[in-house]
Each structure stands twice: as structure tokens, then as C-alpha cells.
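Close look at the chain arrangement
Here are the chains, one letter per residue:
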Amino acid sequence: MEPLYGVLDMLVLRTLLFGPQHGYAIAKSLRDGSDAAITIEFGSLYPALKRLELKGWIASKWETSEHNRRAKVYRLTPDGRKKLNQERSEWAGFVQAVARIMNPAEE
Amino acid sequence: MSMFVRRLLLLLPWRRRAAERDMQDELRSIAGMAAPGELGNLTLAAEDARAQWGWIRLEQTVQDVRYAIRTLAKAPAFTLAAVLSLAIGIGANTALFTLIDTVMWKLLPVADAEHLLTLEQQTPLGNSTGFTYQQYEIFRDSGAGLDLAASGYARVDVNIDGRDEPTLDAHLVTGRYFPVLGLHPAAGRLLDETDDRVVMGHPFAVLGYTYWQRRFAGDRAVVGRMMTIAGQPFTIVGVAPAEFFGTEVGVSPGVYLPVKMQPALIPSNGTLLENPIVYSTWLRLIGRLQPGATVPQAQTRLNALAGTAAEWRMRNKFSGQFEDARLVVHSAAAGLSDLRRQFSGPLFVLLGVSGLVLLIACANVGHLLLARAATRRSEFGLRLALGATRARVMRQVLVEGLVLACAGAAAGAILAYWAAPALVAYASAGQRSIVLNLSPDLRVLGFATAVAIAAGLLFASAPALRAAHADRSTAGRLHLGGGGRSHGDRGPGRTLVVIQVALSAVLLVAAGQFVRSLQNLYRHESSIDLDRVIVVGLEPRGSGRRSNANAAMLDRTYRDLLARVASLPGVRSASLGRSSPLGPITLGFPIVRPAGGDPVRVSGSIVYPHYFETIGIPIVKGRDFTEDDLRAGAPRAVLVNEAFVREILGGREPLGTGHGATSNNGRGWRGPQNTMAPAEPVNIVGVVKDSRFPGLRESPPPMVYQTFLQANTGFGQMVLHVRVSADASGIVPAITDLARAIDREVPMADVHTLTDEVNVALARERLVAALAGIFGLVALALISVGLYGLMAFTVSRRTGEIGIRVALGATRSSVRWLVGRQALGIVGAGLAIGIPAAWIAGRLTARQLASLLYDVTSTDPAAMAVSAVVLVAVAACASLLPAQRAVRIDPAVALRNE
């Protein structure tokens, strides 16, 4: 399953909430975090990273890992944190609304 | 840093390269971490990531613009025709808009201009006048909620360091003038209340900025220097600010002087400042509203004051003219202007006419684009087949249109930049030069841009729609003869030409009316040789203060001059009149009709013998003045015009002593009288023909002509009229020398011919007629191109059909008729729309045009007939060549191609 349009941004921001990660790590944690229920192609993720960086919600820096490997590491900016909170509440509202329509009997 | 700025920075090539390198590094490092194939197509990911930095829309638009420029450059003839059409249309509109902007809307460069207002007096006849100094004082002290200032105009002799300089336009201003306007000096100080106390006590001058730059090269040391103005020494105390051209649009004063110096600057019967008998309305009033006050409030308050103040009327001392005058208050934010009064109407009419030209030009370009679109169908089809969206193809055609419009607008702006001053020069021919600040401002630029964009969208919309409907299946297919064959293809092109014809009809009818009314205005008995009458204004010493004491001396000066001028070789006759035939009537007399009753006001003038002969008005009855009538103590004799006989005498026999000499019994009429002389009967010795000089729209009022010594007036200035036999120019210097030789105290007015005066009087009409005529010709040129294009296109499209007709035995004339009939059909359809449209437009604008038309109605049938004939003739000419080509079609060749 591909994530809904716009949801990808939110998922990436959420992933970075626990600390800076490089691109491959983000891809992996997205796949592992959803138990592979959601497939996010790297071809979609990577442009999303560039877009979020342009928007100023994430920032990147080259770092050398413990294995002495150079990798570009992304971290959440204060603007990104704000954006994530906003997206999260919007998402919750959306999920509730969908749930009300899908399961009217439970109300 | 916003996303916009980041993207903007990525447009810089080195930043873009660095980002690209960085991305490649990152992707390599990520690929090193992942299993092979795990991440999919990394090149595509990079491609999509790159798109995030990009300006897809903008880049596409830039591409479109580049492509449009390339395709347009490949069709230079088409591009040139289109850009030229648009340049004329947009240029004409922009030039007129520049003038309108300057004359109507440019704000005075003063503080808080929107609170400025101006006062004028409107007589019941609709004339508006300025104010006397006494009136100004009353209003100033009235407490009507206005901070009031006044300014008057004078032309002054200037002498600096003992050398005579060219005469200058001077503004005589009151102390509040500069403070009310809120101006700050460019150097030194401006005039204020301290320069407005004692008559003749403030010999201080403020220079106009342009004059300061021109004469003194902007030298600040000029402050404190002396200059002699009208024979009086003045100290230069400052310079007015640069952007200030005076409060009057179109006039740029060289120097500002205190109003209290008037007696030296404007000679008159005593001083205009103190003498309550003098009624010259020489001042313009400008004031600033108190905070919170409105224009209507101020108007009501001032009118109440004017209507009730008995003192105002008494001090006005000119009962009969101003009793019923009404005070009108206008906003003065854009300055005071006779120019605006005179030209605002015509300029808007012309803007309408040039708008029509632009529409016709747009139709022409639209038509050209359509023809091109037809030949480019295969290209559009190909692009659609290759996956371009219809919107993208449409956008490309629209962009092409906008590129054309921009090129047209740029060329048009250059045209306007050159044309606007030329228009001003044409309109001011023969007058004191009009100084306008024509520098284009934001309003003008906005106007030109808006016009260009609107024009571009207008003419490109039809081709764009058609391009979008190009058929994918036509991709790459060749179209011989340039276009599709379906019947519907003829539609838009034909419709556009029909619209063009209709617009041209409206334009030509309008132009025809203006030209015809100008011809009507020029029609006059003596107008054939008006250029042989030389006119020189004379103001000998003392003429501004004529009195019983110096009248004889002035008369001697005049008769002496006349004798000298008359003896010059080449002079047919010479005389003097109070004013030229086109000049204002400045004298008036109350006269009692033969039937009795209240006195009525009759216009009057003062003339010397041979005046009527000189200006070309015949004497229909009786005789001219003779030398005998000029003697002091001669019996009172006057000439009158036919209108006088008709309206005042009720058609009675005017001549002889019957009325005049025996009139004291109350049955006759009493002649010119005024407060100084008792009523006295006069003798009418002659009657002159009513003469409507060109430029004077009204039929002449009843007139009484008197001799110089018998007229009782404070004005002693006269105008020399000389009729010369041959070409006037050779004799002008001799006449000028003689006129200059008389003893005078004010600069001599220029020497010109009556034709010049007519041209000045008809400046508005000439401007409108000339421009409307030019626009009409441009429209005809555009339409012949349009028609020719359409007919040529049709003939090439119908080559096969015509070939068959010829093969079946059609004659040459029937082939010709085939083509001609279509052209006539188009013109007929255009006229069927255009002539009624012109009629309706004429009806709707009748009121606005009334002041510009003379002896022509705004729905003139002759103008309509002529326009129709001209358009049919143009259609015939435009279809001549295509028809010839049709005749030459070889049926064998045509059918083979088929």
C-alpha cells in the first residue's frame, strides 16, 4: 500500500522526531515501523526529503558514522516540529472523520 | 529563508552545480549502504528530486517565450506587419493617455494636494473668469474656512547686468501662495506674508527652477543678485523647487514676484490693488481647505457670502456682468488649467478613436495569426500526438501573442514618447508655448502594459482556441494552399475582417465629422487671404492708463504709425482695432432700444479707418470712418453691424441722422454711454456685414464700432492690422521695426498673421480633425492589408474550384466577379453592422461631441455615405490583385494539383 498524498511528509517528519538519521535509515525505519504494510519506494522518499529540506522543515549535514562512513544526516528543524504537530492533529481529525463514516453503528 | 528564496538561489548556476554534486555524493553513499536493487531506480529518484528545486512553470514559460521568439523570427514579414500594427495602435493610445495623464491627473507636487481647491466665477453665459484683487481680499478675510492665495500672470521685460534678456512669464503671487502650497525652496527662500504688505515695497523675485537651470546653470550664488524686471530693480531671494511647474498646467513661470509689485508689472488705469473702479479679473484663487471641511461646504459658504455681500458687488463695480455670477469651487489637486478646460473633452474623444484603431489592429493581428495557425495545424497536431496537453498548446499560442504584444508595446512606447510632445507642439502652434511635464509616470506605464496584455490576449485567443482543436491525425500531414478545407475554416478569419470593417466604419464616420466641421469652421468670406493680414499688438507708454489727458497723445502715436506703415511698399491697407477679429470683445455699452425700456448691453470695439477693408469684412451700407471722424470734437459717429440693425433697431433704417440726432425725445435710441459721460445720441454712418470669423462658433453679437477719441474707456491698447499684397513674410521685419519704434513700457507681443490666430482659435478642432484623420488612414491601411490577406488566402484555397469553372468556360470577368463578390460581401456585412453602430455611437456621444462639431451633427449622413463609399473602394482595390491572380489560374495546372 502506498501512503496517501501528503502523508509521506508527515511520516518522514515523525521518523526524524527521535533524532537525526541519514536517508537510508529513514527508508528502513519507515519500512520496519509499518511492518511492511506500507511500501515507500526510495524513488518517492528521496524527492520528499529534498522538498522538505527546501521548505525548511528538515536540515541536513554530512557526518561520519561509527563505521567511518560518510553519510548525509537529516534532522528536524523547529519549523518542522511545528509542522509535524499540526499534521498530526489534522491527521487525527481526518482518521476520526473517516471512522465515523465507515462505522456509523459504533457511535 | 523561505522556499521561494531557496529556489531562487538554486537558479544560480554554481549553487545548482554544488547541489547536484552533493546529491550525487549522497546517493552514492546511500547505495553503498543498501543491498543491490533494494532502492530501485536511483536515476529516476534523482530526477524527481531535481524537479523539487526547479521552476517547472517558469522554465516552461521561458521555453515558450524562447520558442515564440524563434518562430516569430523565422517569419519576419508576418512579425513586422503584426508588430507595426500593434505599435501604431498601442503607441497612439499611450501618447493620448500620457497627455490626459499630464493635463488631468498629475498631482501638483505640493504637500497634501488633495486638500487644495480653486475658485472661479461663472457668469450666466457659462464663461468662467478670475477675480479682482478686491474680491480676493473679501474672500480671504471672510473666514469661510479657507486659507486663500492668489496669483496673476504677467509677461515681463528682463535685464540682467545691463543686458536685455528674453521676456519671461511671471507669476504675481500673494504672500500666502507658497505657504498654502506647502513648498520648500530649492535655494534661498520663497515669498511669504512679509512680502505682501506695502504696495511697491517688496522688490524681491523667486526664480522658477527650469529658468534657474537654463539661465544661471543652477548657480546657488544667484541668491542676492539683482535683476531688472519691467524696469524695476529686483533682488533674487530664492528658487522654487524643481518639480514645481507653477499651479497652472501647461505654463511654466520663469519668475515669481510679489503681487504688491503689480503697478510696475501690469500697467493699468491706476493700481489693480487699490483702485476700486478697475474691474480686471486678473487673479486666480487657490486655497487650502481646513481639516474636516469639504468642497461642497466651502462652495455653499462662499456663494452665500458672494450672494449677500453688498460690499462685494459695490467693490466689484462692474454691475451687469458679475451680478449673476456664481462661485464654483473645484478640487485643485491637479492644478489650475485653461488647458484642461480646453482639451480634456477632445483628448477623451481621441482616446476613444485611438481605441478603435487598436481594436482594428488587434483584429488584423488576430487574422494574421489565424492564417498562420492554419498553416501550422500539422505542427500543433504533431505536438498533441507527442503528448502535449491542449492547454499547453494553447498556452504556447497565447505566449506567442503576448510576445508580439510586448514587442508592439515597446515599439508603441517609443512612438508615444516621440508623439506626445509632437502633439503638444501641434496643439500649441502659434500660442505661447505650452510647457508640460510629459515624463511617463507609473500610471502611463501601467496603462501601456495593461493595453498590451489585453491586446495580446484579445487577438491570440481565437488562434489559441483553434490550435488546441488541431487534430492529432493531421500530425505531419502537409497542407497545400495553407490550411484545412472544411467550410468552417473560413469562419473566424472572415468574421474578424467583417468586425474590422464595422470598426473602421465607426471610426471613419467620426473622422469625417471632425474634418467636415473643421472645414465648416474655416469657411469664411475673407478666409482665402487671411495669411496676408499681419497682426501686431501695440501697447504704447500710457496705454494701460488711458485717460482724457493722454488719449490725444496716444491717438497721435497711432495715426503716425499708421501713416508710416501705409507708406511701406507692398502694404495694401493698414488700420488699428481694439482687438483682432478673433480676439476677445472687451468693450461693452448699455444702450436704450428705439422702443425704449431698460438699457441692454451691446458689445463694442474701437477701430480706425480702413479696418474692415483690411480684415476683409464688407461695408454693406453707408460709409467707413474717415479722417474727419477722427478729429477731436467731430460729431459722434459709429458703425454698427447687421446684427445690431436686426436685433437692436428691429430692422429700422439705420443710417442718417434720423435716429441719432433727434433721439432725445425718447423715440430714438441713445448711444454708447457709461458712468463718466452722460447719455448722448449718436449718428450711425455705416453698417458692416455680420462676419463669423473662423473659430468663432457663435454668430456675432450686435456690435457698435467707435473711433478712438470718442470711445470712453480706460484701455488704450490697440492692435495693428496690415493687409499686404504679396507674400507676407518679406514685409514683416519692416512692420515689426516700425511697431517696435513706438515708445512703450511693456514687451511687444509677437507679430503674426490672422491665419495664425485662426489656427490658435481652432487648436482643439484642428488637433481632433488631424488625429482622427490620421487614425482613419491608419485604419484604412490596416483593413486593406486584412482584406487583401483574406482574399489572397481564399483564392489560393479555391484554386481548384476556379480551375474547374474556367475549364467549364467561365469568362475572365465572371472569375473576377467571383472574387470581387466575396470582398463586397464582407464589406457589406461590415457596413451593415458598422453604419448603424456609428449612428448609435453618434447618438450616445452627441452631447460630448457638441462642443467639437460645427454645422455637423454627430450622426452626419454625408460622413456615413462617404465612409461607406471609401470602404467599398478599399475592398475593390484590395481584391484587385487576388482577382487578377484568380484570372490567371491555368485550369490544367489547378486540376493537376487537385
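**Remarks on the overall build of chain A**
When its secondary structure is counted, chain A shows four helices and three strands. The helix and strand sequence of chain A, counted from the amino end, reads α-β-α-α-β-β-α. Across the 107 residues of chain A, 37% fall into the buried class. Considering only contacts in chain A between residues 6 or more positions apart, those separated by 24 or more positions represent 54%. By element, 54% of the accessible surface of chain A is carried by carbon and sulfur atoms, the whole surface being about 6,500 Å².

**Section: helix H2 (residues 23-33) of chain A**
Every buried residue of H2(A) is accounted for by A:Gly23, A:Tyr24, A:Ile26, A:Ala27 and A:Leu30. For H2(A), the arc enclosing every buried residue in end-on projection is 165°, short of the 170-degree limit, so these residues lie on one face. Buried residues along H2(A) sit against helix H1 (7-16), strand S1 (21-22), helix H3 (42-55) and strand S3 (70-76) of chain A together with helix H2 (13-33) of chain B. Just downstream of H2(A), A:Asp35 is the residue with a positive phi angle, here 55°.

**Topic: the interface of chain B and chain A**
Opposite the 23 residues of chain B that make contact, chain A presents 20 residues. For the pair chain B and chain A, the summed buried surface comes to about 2,000 Å²; carbon and sulfur atoms form 64% of the total. On the chain B side of the interface with chain A, the three residues burying the most area are B:Glu26, B:Met33 and B:Gln52, jointly 30% of the side's total. For A:Lys50, the salt bridge identified is with B:Glu26, shortest N-O distance 3.4 Å. Our count for the chain B to chain A interface comes out at eight residue pairs in polar contact (both at pLDDT 80 or more). Secondary-structure elements contributing two or more residues to the side of chain B that touches chain A are helix H1 (3-9), H2 and helix H3 (42-53) of chain B. In terms of residues, the side of chain B that touches chain A owes the most to one element, H2(B), which gives nine residues.

**Quick look at the pairing of strand S12 (residues 533-538) of chain B**
Consecutive residues of a regular strand have side chains that alternate between opposite faces of the sheet. All names here are of chain B. Most of S12 sits inside the fold, with five of its six residues counted as buried. Taken together, the three bridges between S12 and strand S21 (residues 751-753) define a ladder with antiparallel strand orientation. Paired with valine 535 across the strands is histidine 752, a residue of S21.

**With respect to the pattern of salt bridges**
Residues and elements named next belong to chain B. Enumeration according to the criterion identifies 27 salt bridges over all chains in this entry. A salt bridge links arginine 176 to aspartate 147; the nearest nitrogen and oxygen atoms lie 2.4 Å apart. A residue pair is termed long-range when its members are at least 10 positions apart, and arginine 176 in the loop between strand S4 (163-173) and helix H7 (177-181) and aspartate 147 in strand S3 (residues 146-160) qualify at 29 residues. Its relative accessible area of 25% is what places arginine 176 among the partly exposed residues.

**Overview of the confidence of the model for chain B**
Residues and elements named next belong to chain B. Scored by pLDDT, chain B comes out at a mean of 78, with 82% of its residues at no less than 70. Of all secondary-structure elements in chain B, the lowest mean pLDDT belongs to helix H21 (residues 658-661), at 38, while strand S6 (residues 204-207) reaches the highest, 94. Considering only residues more than four positions removed or in separate chains, one finds that residues 475-489, a stretch of pLDDT under 50, has 22 contacts.

**Describing the packing of helix H23 (residues 754-761) of chain B against helix H24 (residues 763-797) of chain B**
Residues and elements named next belong to chain B. It is the contact of H23 with H24, at a shortest axis distance of 4 Å, that shows an interaxial angle of 70°. By the angle between their directions, the pair H23 and H24 is classed as roughly perpendicular. Residue-level inspection shows Asn759, Val760 and Ala761 of H23 in contact with H24, the latter providing Ala763, Glu765 and Arg766. When its residues are assigned to classes, the contact of H23 with H24 shows three nonpolar, one polar and two charged.

**Details of the nonpolar core**
Residue and element names in this part refer to chain B. In this structure, Leu404, Phe459 and Phe514 are the most contacted members of the largest nonpolar core, which totals 92 residues. For this core, the leading source of residues is helix H12 (residues 338-375), giving 14 residues. Once you skip the residues sitting within four places of it in the chain, phenylalanine 459 turns out to touch Leu86, Cys362, Val365, Gly366, Leu369, Gly401, Leu404 and Ala405.

**A look at the environment of B:Phe139**
As for its position among the elements, B:Phe139 is in helix H6 (residues 133-140). Distance in space between the C-alpha atoms of B:Phe139 and B:Leu302 is 7.5 Å, their sequence separation being 163 residues.

**Brief notes about the packing of aromatic side chains**
Residues and elements named next belong to chain B. A full pass over the atoms with the stated rule returns 14 aromatic pairs over all chains. Ring centres of tyrosine 611 and phenylalanine 612 lie 5.4 Å apart, and the angle between their planes is 85°; this geometry places the pair in the edge-to-face category. For tyrosine 611, a relative accessible area of 4% gives the class buried. By way of ring pairs, the aromatic residues Tyr177, Phe178 and Tyr256 are connected into one cluster. Against the face of phenylalanine 204 rests arginine 189, its NZ or CZ located 5.5 Å from the ring centre.

**Some thoughts on the sheet that holds S3(A)**
All names here are of chain A. On the basis of which strands lie adjacent, the open sheet formed by three strands has the order S1-S3-S2 and antiparallel pairing. Of all the strands in the sheet, just S1 and strand S2 (58-64) have a single pairing partner and so form its edges. By the bridge criterion, two bridges tie S1 to S3 in an arrangement that is antiparallel. Along S3, the bridge assignment pairs histidine 22 with valine 73. Docked against the sheet, H3 engages S2 and S3, running at close to 55° with respect to S3.

Thresholds applied
Residues numbered from 1 in each chain as written. Chains lettered and ligands numbered in written order. Predicted model: local features only at pLDDT ≥ 70, side-chain atom pairs only at ≥ 80, totals over all residues. Heavy atoms only, no water. Helix = DSSP H or I, 4+ residues; strand = E, 2+ residues; numbered from the N terminus. Buried < 20%, exposed > 50% of the residue type's maximum accessible area, 1.4 Å probe, protein only. Contact = heavy atoms within 4.5 Å. Areas by Shrake-Rupley, 256 points an atom, 1.4 Å probe, with all protein chains shown as cover. Arc of directions from axis to C-beta. Buried area = accessible area lost by both parts, 1.4 Å probe. Salt bridge = Lys/Arg side-chain N within 4 Å of Asp/Glu carboxyl O. Polar contact = N/O pair within 3.5 Å; in protein donor to acceptor, adjacent residues only side chain to side chain. Pairing = 2+ DSSP bridges. pLDDT = per-residue confidence, 0-100. Axes fitted to C-alpha atoms, helices over the stretch in contact; angles between N-to-C directions. Parallel < 35°, antiparallel > 145°, perpendicular 65-115°, else oblique. Nonpolar A, V, L, I, M, F, W, Y, C, P; charged D, E, K, R; others polar. Core = buried A, V, L, I, M, F, W, Y, C linked by side-chain atoms within 4.5 Å. Phe/Tyr/Trp six-rings, centres within 6.5 Å; stacked < 30°, edge-to-face > 60°. Lys NZ or Arg CZ within 6 Å of the ring centre and 35° of its normal.

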